[in-house]
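Close look at the chain arrangement
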Amino acid sequence: MKKFLLLSVLVTVLVSCSAKKQIESAISQGNYDHAISEALEKLENNKDKNRKQDYIIMLEDAYNKVLDENLQTIKHLKKDGNPEQYKIIYNMYSDLEARQVAIKRVMPLQINGKTLHLKFNDYSSELVDYRYKTSDYLINQGIALLDSNDKYNAREAHDIFSYIERINPNFEENRSLITEAHQKGMDYVHVSIKNHTEQIIPQRLESELLDFNTYGLNQFWTTYHANTDKAINYDFAMQLQLKQINISPERINERLVTREQNVVDGWEYLLDRAGNVRKDSLGNDIKIDKIINVKARLIEVVQTKSAQLIADVVYTDLKHNQTIDTFTIDSGYIFENIFGTFKGDERALNNSDRNLMRQRQILFPTDEQMVFDTGEDLKLKLKDIINSYSIRGS
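Our subject in this report is the structure included herewith. (Residues numbered from 1 in each chain as written. Predicted model: local features only at pLDDT ≥ 70, side-chain atom pairs only at ≥ 80, totals over all residues. Heavy atoms only, no water.)

Turning next to the packing of aromatic side chains. Taken as a whole, this structure holds 13 aromatic pairs when the rule is applied. Measuring from ring centre to ring centre gives 6.1 Å for Tyr93 and Tyr130, while their planes differ by 35°; the resulting arrangement is tilted. You can see Tyr93 sitting in helix α4 (residues 86-104) and its partner Tyr130 sitting in helix α5 (residues 124-146), a full 37 residues away along the chain. We classify Tyr93 as buried; its relative accessible area is 5%. Tyr130 gets classed as buried once you look at its relative accessible area, which sits at 6%. Connected via pairs of aromatic rings, a cluster forms that spans Tyr86, Tyr93, Tyr123, Tyr130 and Tyr137. (Phe/Tyr/Trp six-rings, centres within 6.5 Å; stacked < 30°, edge-to-face > 60°. Helix = DSSP H or I, 4+ residues; strand = E, 2+ residues; numbered from the N terminus. Buried < 20%, exposed > 50% of the residue type's maximum accessible area, 1.4 Å probe, protein only.)

As structure tokens, then:
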């Protein structure tokens, strides 16, 4: 037990030394916020213990250094007077405030019995001032991008308006600008199916393949329409070109298996060498199980039918009338039904055989049903292509 306690103390000391070295290294490299975060984590519990003194000292050191660094940077940026720096200044004030709030959660702290006094400032006025300066500057920048009628610029504008919304909710109709930027940055794709197989495909399969509400797509900058909207000028087309449908014949294969078991079939008297019935210690006749060998012939029947559907997914840039990508999909579906019959003594069958006996022969699916079932696999593969493919990096 003493060895265990000694080992536990040693491990704690080693971990503590490693943590202190990491914080010291962060401070020496100028990673002050990382050092502060690590020190605060160590001070969450038992902050008044002597072993925590070093963390308090390092916290004070890192805080004073980053505070001085931030205030000097802000002073320089304000003196420069460039509106492009408003966002940086606002973010730095936000960091100053957040850092103070985090440290205040572990206060008060003491070093060698004396209460630690850190310099905390009220940044509320600066935060409000630069929140509005930043919002005002950026919203004009975003509007200029939006007015260019370029999709990439609209997406950049959307990022700007979204940032404004986070720091200054609904600043000057900003939410309507977010919606407008999303609409202008959207790529609209018209989806269609072309049947090159010279075979009729089920109407319900075509309907399901074109029902994009069931695909669970989550592409922020791309919308797929099976039915065109006259008010929309479509950017791209995605056509599912069905190339080939192969359906196998209906097959029934049989496999004969012989089963053999020794089973109990009633009882009989145990006889001695003279042919007399043997008695137990109480004088009763001794009975034993009568074991016989039983056999059966199991016929395992397998019904199979398969279908294959090969298609191309073709993406076309409608603005330039050119194909930009083609993907081939090979989908398949196999119908299989297994059942069994037997001749002979049922007792020779095992549990798997009996389960097989419970199955029955069923009608083969029609060719139309096979194509439809193959289409389910086709739909999954089409969904994978859509989810993994990015039109112009959307």
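Let us now look at the layout of surface pockets. What the largest pocket holds in volume is close to 160 Å³. Residue lining of the largest pocket: Asn149, Asp150, Lys151, Gln183, Lys184, Met186, Tyr188, Asn233, Asp235 and Lys319, and that is the complete set. The residue makeup of the lining of the largest pocket, split by class, is two nonpolar, three polar and five charged. (1 Å grid on protein atoms, 1.4 Å probe; cavity = no way out; pocket = protein on both sides within 12 Å on 5 of 7 lines; lining within 4 Å. Points joined across faces, edges and corners; volume = space filled by probe spheres on them. Nonpolar A, V, L, I, M, F, W, Y, C, P; charged D, E, K, R; others polar.)

Opposite charge on two side chains permits pairing when their charged atoms draw close. In this structure the tally under the stated criterion is 17 salt bridges. Of the charged contacts, one joins Glu180 and Lys184 as a salt bridge, the two residues approaching to 3.1 Å between their closest N and O atoms. A residue pair is termed a helical-turn pair when its members lie 3 or 4 positions apart in one helix, as Glu180 and Lys184 do in helix α7 (residues 174-185) at four residues. With relative accessibility at 29%, the residue Glu180 sits in the partly exposed group. On the basis of relative accessibility, which here comes to 31%, the residue Lys184 falls in the partly exposed class. Note that Asp235 is salt-bridged to Lys319, the shortest N-O span being 3.9 Å. In this pair, Asp235 sits in the loop between β4 (222-225) and β5 (236-247) while Lys319 sits in the loop between β7 (287-317) and β8 (322-344), placing the two residues 84 residues apart along the sequence. Look at Asp235 and you get buried, because its relative accessible area is 2%. (Salt bridge = Lys/Arg side-chain N within 4 Å of Asp/Glu carboxyl O.)

All right, on to the environment of Thr134 then. When you line up the elements, Thr134 lands in helix α5. Remark: the alpha-carbon pair of Thr134 and Asn168, spanning 34 residues in sequence, is separated by 9.4 Å. At 3.1 Å, the side chain of Thr134 and the backbone oxygen of Tyr86 are in polar contact. (Polar contact = N/O pair within 3.5 Å; in protein donor to acceptor, adjacent residues only side chain to side chain.)

Take unusual backbone geometry next. Pro108 follows Met107 through a cis peptide bond whose omega is 0°. Turning to its location among the elements, Pro108 is positioned in the loop between α4 and β1 (110-111). Even without being glycine, Glu172 reaches a positive phi, approximately 45°. Within the secondary structure, Glu172 sits in the loop between α6 (151-167) and α7. Although it is not a glycine, Glu198 sits at a positive phi angle of roughly 65°. For Glu198, the position within the fold is in the loop between β3 (187-195) and α8 (203-209). Glu198 gets classed as exposed once you look at its relative accessible area, which sits at 80%.

Judged by nonpolar contacts, the single largest core of 51 residues is most densely connected at Ile36, Leu59, Tyr93 and Phe161. Contributing elements (two or more residues each) for this core: α1 (2-28), α2 (32-42), α3 (53-80), α4, α5, α6 and α7. Here this core takes ten residues from α3, the largest share from any one element. Contact partners of Leu59, with chain neighbours within four places excluded, come to Ile36, Ala39, Leu40, Leu43, Ile103 and Leu109. (Core = buried A, V, L, I, M, F, W, Y, C linked by side-chain atoms within 4.5 Å. Contact = heavy atoms within 4.5 Å.)

Right, let's talk about the side chain of Asp312 for a bit. With respect to the helices, strands and loops of the structure, Asp312 is situated in strand β7. The buried charged residue Asp312 lacks any salt bridge partner; its closest oppositely charged side chain belongs to Lys243, at an N-O distance of 4.1 Å. At 2.9 Å, the side chain of Asp312 and the side chain of Thr328 are in polar contact. For Asp312, the residues in contact, after removing those within four places along its chain, are Gln239, Leu240, Gln241, Lys243, Thr326, Phe327 and Thr328. (Lys, Arg positive; Asp, Glu negative; His and termini not counted.)

The next subject is the pairing of β3. The sheet contact formed by β3 and β4 spans four bridges and is parallel. Bridged to Asp187 within β4 is Thr222. As paired strands, β3 and β5 are joined by seven bridges and run parallel to one another. Residue Val191 lies in a different strand from β5, and its bridge partner there is Met238. (Pairing = 2+ DSSP bridges.)

Everything listed is a geometric property; what it means functionally is a separate question.
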